[in-house]
Amino acid sequence: MDRPNYITPAGFAALRAEYDRLFGNERPKLVETISWAAGNGDRSENGDYIYGRKRLREIDRTLGRLSAKMKAAKVVDPAQQPDRTRVYFGATVTIADEDDNHRTLTIVGNDEADAGAGLVGWGSPIARALRGAAVCDLRRITLPGGEKEYEVIAISYPAK
């Protein structure tokens, strides 16, 4: 990864919790099941053994992916943002389109993005367009449905 993977403290804690759950709970139980199944004889027709090995590979891939994400993560606490007048990482922004439809977004790390919950990834087109904007600024954003112009209505950050 050539760019830092910005993430909020809560997002990093969620990655860490998932890693710990898989590594500390699920993987050891699975290894125990595989060992038990291997001791039952013929492995070619042993469903517990075959499924267990497949699931263990999936868990190991996920652990590797989570480990790489945590290693590349740069934890940024939005509450510590010195300039609260502009849109930066962690900002909660209210924008309005040409039809005066308001939308509130929080700019978070790409690994934390959840559009349905209003969490927009730092690398998304809308977040890139809003970076550095102040209240009353107009920003043109190219979306899959075409270009739209938004006005920044409000900017807020978590309390210190």
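Note: the structure precedes this text.
Residues numbered from 1 in each chain as written. Predicted model: local features only at pLDDT ≥ 70, side-chain atom pairs only at ≥ 80, totals over all residues. Heavy atoms only, no water.

A.B. asks: Whenever I open this one, the sheet that holds strand 3 (residues 92-96) confuses me. Can you help?
C.D. replies: Consider a sheet: its strands pair through backbone hydrogen bonds, and that pairing is either parallel or antiparallel. Pairing within the open sheet is mixed, and its five strands lie in the order 5-4-3-7-6. Looking along the sheet, the strands with just one partner apiece sit at the ends: strand 5 (119-121) and strand 6 (138-143). Shown here is a sheet whose adjacent strand axes are inclined to one another by a mean of 45°, direction ignored. Two elements, strand 4 (residues 102-108) and strand 5, share three bridges in a ladder whose sense is parallel. Bridge pairing links Val-108 to Gly-121 in strand 5. (Pairing = 2+ DSSP bridges. Helix = DSSP H or I, 4+ residues; strand = E, 2+ residues; numbered from the N terminus. Axes fitted to C-alpha atoms, helices over the stretch in contact; angles between N-to-C directions.)

A.B. asks: Teacher, can you tell me more about a positive patch on the surface here?
C.D. replies: There is a patch of like positive charges on the surface, built from Arg-43, Arg-53, Arg-57 and Arg-61. Its place among the elements puts Arg-57 in helix 2 (residues 47-72). (Patch = residues over 30% accessible without salt bridge, like charges linked within 9 Å, V, L, I, M, F, W, Y side chains within 5 Å. Areas by Shrake-Rupley, 256 points an atom, 1.4 Å probe, with all protein chains shown as cover. Salt bridge = Lys/Arg side-chain N within 4 Å of Asp/Glu carboxyl O. Lys, Arg positive; Asp, Glu negative; His and termini not counted. Charge placed at Lys NZ, Arg CZ, Asp CG, Glu CD.)

A.B. asks: What exactly am I supposed to notice about helix 2 here?
C.D. replies: Since there are 3.6 residues in each turn of an α-helix, residues three or four apart along the chain are aligned in direction. Here helix 2 spans 38 Å end to end across 26 residues, near enough to the 38 Å set by a 1.5 Å rise per residue. Of the positions making up helix 2, those classed as buried are Tyr-49, Gly-52, Leu-56, Ile-59, Leu-63, Leu-66, Lys-69 and Met-70. Residues of helix 2 that are buried sit in contact with strand 1 (5-7), helix 1 (9-38) and strand 2 (73-75). (Expected span 1.5 Å × (residues − 1). Buried < 20%, exposed > 50% of the residue type's maximum accessible area, 1.4 Å probe, protein only. Contact = heavy atoms within 4.5 Å.)

A.B. asks: What am I meant to see in the pairing of strand 6 here?
C.D. replies: It is a general feature of regular strands that their side chains alternate between the two faces of the sheet. Relative to strand 7 (residues 146-156), strand 6 runs antiparallel, the two being bridged by six bridges. Bridge pairing in strand 7 links Leu-138 to Glu-151. Hairpin connection of strand 6 to strand 7: two residues between the antiparallel strands.

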